[in-house]
Amino acid sequence: MHGADPRLVLGLHRSRHDRGLLTAALDLGVTALDTAAPYLGFRSHTTLSETAADLLPKFTLSTKVGFFPGAGGVEHSLDPGRLRLAVEEAAQELGREPDTVLLHNPERSLTGLSLADDHALFGGACAALAEAARDGLCQDWGVASWDPRLLSRARVEDLPSPDVLMVRAGFLVGIDLLDLVAVLREVWKVGETWGMSPFGGGHGKVWEEFDPRPFLRPHHGDLSRIQAAFRTSFHLPSATAVAVGTDASGHLAELVQALSAEVDTDAVSQYLHALHSRRQN
């Protein structure tokens, strides 16, 4: 068994929640697991408990709340009472308290609101998760946002500071969003930043046209472009962990291998400078 490396988080978005994959992850030293209440048709928590209850204590487990079953399929809510109940239900369904609970894409409920309403609604949701952590329903709380632009409008400086801010990471994230995340986490006094979706939701043809290996030191020609893209995503933005969804243990093993590579931070700085220059032009 490899040594545990919490920097790589196994994400269960679109996953089959196969027990074999969880076992393979542990064998590779991947001991961080990320899910959410609506994953697997709102059956993620119960499926994990039913098929891998003995494995879950071996993982650092994070989940997300904010989406709920609705008459039209799925609805989003930042109502503090519903969020509190969702955290309690997550612990019951999992058979253990999650280590971290994240507010799931709060921008879904903030769209179209006034600045004052943004602040009040988002603030109430943050307070509910912070209270849940204080009450022992989880160790840490945070926010997972696909598009944090609306969060920056909510005057976060006087809201509870999250332990974790989870955002998109990697070469497919634009410079405007990278700059916004840097400001947001400084103003909000964020504890840790986690990355997600480093391949933009799929490998696609982008990695056939773009080679990220020069961002590693040395250039690691023995690693694939996918491996280099993943390793560099920890610096776009700077993150302590990156969540990757996969059902293939071989792919997971390749990503674990990439963790040993060193990122050329000077090359990353030059890349960001080039993005800023292009935006100004």
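Residues numbered from 1 in each chain as written. Predicted model: local features only at pLDDT ≥ 70, side-chain atom pairs only at ≥ 80, totals over all residues. Heavy atoms only, no water.

**What about the side chain of Ser145?**
You can see Ser145 is positioned in the loop between β7 (140-144) and β8 (164-168). There is a polar contact of 3.4 Å between the side chain of Ser145 and the backbone oxygen of Asp147. The residues touching Ser145, leaving out its near neighbours within four places in the chain, are Asn105, Glu107, Leu151, Met166, Val167, Arg168 and Met196. (Helix = DSSP H or I, 4+ residues; strand = E, 2+ residues; numbered from the N terminus. Polar contact = N/O pair within 3.5 Å; in protein donor to acceptor, adjacent residues only side chain to side chain. Contact = heavy atoms within 4.5 Å.)

**Describing the confidence of the model for the chain**
Low pLDDT means the predicted coordinates in that region are not meant to be read closely. Across the chain, the average pLDDT comes to 93, with 96% of residues at or above 70. The low-confidence segment residues 1-6 (pLDDT under 50) makes 13 contacts with residues lying over four places distant or belonging to another chain. (pLDDT = per-residue confidence, 0-100.)

**Considerations on the packing of aromatic side chains**
On inspection of all chains with the given rule, the structure shows nine aromatic pairs. Connected via pairs of aromatic rings, a cluster forms that spans Phe171, Trp207, Phe210, Phe215 and Tyr271. Between the NZ or CZ atom of Arg82 and the centre of the ring of Phe68, over which it lies, the distance is 4.2 Å. The aromatic ring of Phe234 is capped on one face by Arg231, whose charged end is 5.3 Å from the ring centroid. (Phe/Tyr/Trp six-rings, centres within 6.5 Å; stacked < 30°, edge-to-face > 60°. Lys NZ or Arg CZ within 6 Å of the ring centre and 35° of its normal.)

**Section: the sheet that holds β8**
Sheet architecture is closed into a barrel: eight strands sit in the order β1-β2-β3-β6-β7-β8-β9-β11, paired in parallel fashion. Looking at each pair of strands side by side, their axes are set apart by 25° on average, direction ignored. Relative to strand β9 (residues 192-196), β8 is paired through five bridges, and the arrangement is parallel. Counterpart to Arg168 in the pairing with β9 is Met196. Across the face of the sheet, helix α6 (residues 115-134) comes into contact with β3 (60-65), β6 (100-104) and β7 while running at roughly 150° to β7. (Pairing = 2+ DSSP bridges. Axes fitted to C-alpha atoms, helices over the stretch in contact; angles between N-to-C directions.)

**Quick look at the packing of helix α9 (residues 225-232) against helix α10 (residues 249-258)**
Their axes nearest at 9 Å, the elements α9 and α10 cross at an angle of 55°. Classified by the angle their axes make, α9 and α10 are oblique. Along this stretch, α9 crosses α10, giving a crossing that reads as right-handed. On the side of α9, the interface is formed by Ile226, Gln227, Phe230 and Arg231, while α10 contributes His251, Glu254, Leu255, Gln257 and Ala258. Per-class residue counts for the contact of α9 with α10 are four nonpolar, three polar and two charged. (Parallel < 35°, antiparallel > 145°, perpendicular 65-115°, else oblique. Left-handed = near helix turned anticlockwise from the far one by under 90°. Nonpolar A, V, L, I, M, F, W, Y, C, P; charged D, E, K, R; others polar.)

**Considering the pattern of salt bridges**
One pass over the full model with this rule turns up 15 salt bridges. In this structure, Arg84 and Glu88 form a salt bridge, with 3.1 Å as the shortest nitrogen-oxygen distance. Separated by four residues within a single helix, Arg84 and Glu88 lie in helix α4 (residues 80-94), roughly one turn from each other. A relative accessible area of 29% means that Glu88 is categorised as partly exposed. In this structure, Glu262 and Arg217 form a salt bridge, with 2.8 Å as the shortest nitrogen-oxygen distance. (Salt bridge = Lys/Arg side-chain N within 4 Å of Asp/Glu carboxyl O. Buried < 20%, exposed > 50% of the residue type's maximum accessible area, 1.4 Å probe, protein only.)

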